[in-house]
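As a plain string of letters, each chain reads:
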Amino acid sequence: MNRWSLLASNLAFLLATTSAQNPPAAPPRDHDSAHRGEQGMGFPQDATSHHFLLRPDGGVVQVTADSAADTAGIEHIRMHLEHIRGAFEAGDFSIPGFVHNQAPPGVPTMVKFKDEIRYKYEEIAQGGRLTISSKNAEAVSAIQSFLRFQITEHKTGDPLEVK
C-alpha cells in the first residue's frame, strides 16, 4: 500500500469513527419552523409571545407583541388571528399545517365537528386572543390536542392540563 492509499484509508477510518461517535446534529427545526411561522402568520416569531391555554370547553390561542411600541407587529397579530378565526370556522387549518410542516393532532376531528365549534376573536393589549370552544366532548378533546401540540411546538411552557 503506498503512502497516499494509507493516508486515505486512515482518513476514511477516522471520519467513520468520528461520525459514529458524534452523529451530525439534526437540522435546525426551530429555525425552519420560525421561518415558516413568519411566512404563514405575517409577523416575526422572535418578537412575539404565543400562549395556548386549555379550558374545560376547549381553549385559547393568544399572541402578543413583546414590545408595546411594535404597532405594526400588533396589527399583523390581530389580522392573523382574525384571519385564522375565519379559516378555522371553515375547516381550513392549512396555516398551522404549513407552519409546523405537518397537520397538528386534533385537526381532522375539528374539521369533522366544525359546525359545533365556536371561535371568538378579541383584541387584547399588544395583540389578540382566539377562544375556541364546543359543547361536544369529542370536539373539545380535539381542540385540546391541537393546543397541546402548539404548546409543545412553540415551547411556551403553558400547562398541558386543564386548570
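Parameters and conventions
- Residue positions within a chain follow its written sequence, with the count starting from 1.
- Confidence filtering applies because this is a predicted model: local features only for residues at pLDDT of at least 70, side-chain atom pairs given and counted only at 80 or more, and all residues used for totals across whole chains, interfaces and linings.
- Computation of side-chain values: all heavy atoms of the structure, hydrogens and water removed.
- Only rings of Phe, Tyr and Trp enter the pairing, Trp through its six-membered ring, and a pair is recorded when the two centres are within 6.5 Å. The plane angle decides the type: under 30 degrees is stacked, over 60 is edge-to-face, the rest tilted.
- Numbering of helices and strands starts at the N terminus; helices are DSSP runs of H or I of at least 4 residues and strands are runs of E of at least 2.
- In this scheme, a residue with accessible area under 20% of its type's maximum is buried, one over 50% is exposed, and one in between is partly exposed, where area comes from a 1.4 Å probe on protein chains only.
- Contact between two residues is taken to exist if any of their heavy atoms lie within 4.5 Å; hydrogens are not considered.
- In short, DSSP must find at least two bridges between two strands for them to pair.
- Between the N-to-C directions of two axes lies an angle of 0 to 180 degrees, each axis being a line fitted to C-alpha atoms and, for a helix, fitted only over the stretch in contact.
- Throughout, nonpolar core names a set of buried Ala, Val, Leu, Ile, Met, Phe, Trp, Tyr and Cys residues whose side chains join them through atoms within 4.5 Å.
- To estimate the expected span of a helix, subtract one from its residue number and multiply by 1.5 Å.
- Distance and chemistry together define a polar contact, namely a pair of N or O atoms within 3.5 Å, with one atom able to donate a hydrogen and the other to accept it when in protein, and with adjacent residues in sequence counting only for side-chain atoms on both sides.

Trainee: Describe the packing of aromatic side chains, listing the residues and the values that go with them.
Mentor: Any two aromatic rings considered together are summarised by their centre-to-centre distance and by the angle between their planes. Considering all chains together, one arrives at four aromatic pairs under this definition. Arranged with centres 4.3 Å apart and planes meeting at 20°, the rings of Phe-88 and Phe-93 form a pair that is stacked. With a centroid separation of 5.9 Å and 65° between ring planes, the pair formed by Phe-88 and Tyr-119 is classed as edge-to-face. With a gap of 31 residues between them, Phe-88 in helix H3 (residues 71-89) and Tyr-119 in strand E3 (residues 117-124) connect regions that are remote in the sequence.

Trainee: Give me the environment of Thr-64: which residues, what numbers.
Mentor: Among the secondary structure elements, Thr-64 is positioned in strand E2 (residues 58-65). Residue Thr-64 is classed as buried on the basis of its relative accessible area, which comes to 17%. If sequence neighbours within four positions are ignored, Thr-64 has contacts with Ala-47, Thr-48, Ser-49, Ile-77, Ile-124, Ala-125, Gln-126 and Gly-127.

Trainee: I'd like a description of the pairing of strand E1 (residues 48-55), backed by residues and values.
Mentor: Burial along E1 is one-sided: Thr-48, His-50, Phe-52 and Leu-54 are buried, while Ser-49, His-51, Leu-53 and Arg-55, pointing the other way, are not. For E1 and E2, the ladder comprises eight bridges, and the chain directions are antiparallel. If you follow Leu-53 over to E2, its bridge partner there is Val-60. In this structure, the hairpin formed by E1 and E2 is closed by a connection of two residues.

Trainee: Break down the sheet that holds E3 for me, with residues and values.
Mentor: Taking strand neighbours across the sheet as the criterion, the four strands line up as E1-E2-E4-E3 in an open arrangement whose pairing is antiparallel. The two strands at the open ends of the sheet, each matched to only one other strand, are E1 and E3. The sheet shows a mean angle of 15° between the axes of neighbouring strands, direction not considered. Judged from the seven bridges that link them, E2 and strand E4 (residues 127-134) form a sheet pairing that is antiparallel. Looking across to E4, one finds that Gly-58 is bridged to Ser-133. Helix H6 (residues 137-154) rests against E1, E2, E3 and E4 of the sheet, and its axis sits at about 150° to E1.

Trainee: Explain the nonpolar core to me, and be specific about the residues and the numbers.
Mentor: Judged by nonpolar contacts, the single largest core of 27 residues is most densely connected at Val-61, Leu-81, Met-110, Tyr-119, Leu-130 and Ile-132. Going through the elements one at a time, E1, E2, H3, helix H4 (94-100), helix H5 (107-112), E3, E4 and H6 are the ones with two or more residues in this core. Not counting chain neighbours up to four residues away, the residues in contact with Met-110 comprise Phe-93, Ile-117, Tyr-119, Ile-132, Ala-142, Ile-143 and Phe-146.

Trainee: So, H3: which residues are in play, and what are the values?
Mentor: Owing to its 3.6 residues per turn, the α-helix brings residues three or four apart onto one side. With 19 residues, H3 extends 27 Å between its outermost C-alpha atoms, agreeing within 8% with the 27 Å of an ideal straight helix rising 1.5 Å per residue. Gly-73, Ile-74, Ile-77, Arg-78, His-80, Leu-81, Ile-84, Ala-87 and Phe-88 are the residues of H3 that are buried. Gly-91 sits one or two positions beyond H3 and adopts a positive phi of about 85°.

Trainee: Give a detailed account of the pairing of E3, specifying residues and quantitative values.
Mentor: In this structure, E3 lies alongside E4, joined through eight bridges in antiparallel fashion. Looking at the pairing, Tyr-119 lines up with Ile-132 of E4. Hairpin connection of E3 to E4: two residues between the antiparallel strands, including Gln-126 at a positive phi of 70°.

Trainee: Go over H6, please, and point to the residues and values.
Mentor: Between its first and last C-alpha, H6 extends 26 Å over 18 residues, near the 26 Å set by a 1.5 Å rise per residue. Along H6, the positions that sit buried rather than exposed are Ala-139, Val-140, Ala-142, Ile-143, Gln-144, Phe-146, Leu-147, Phe-149, Gln-150 and Ile-151. Put simply, Asn-136 is the residue that caps the front of H6, since its side-chain oxygen is 2.8 Å from the backbone nitrogen of Glu-138.

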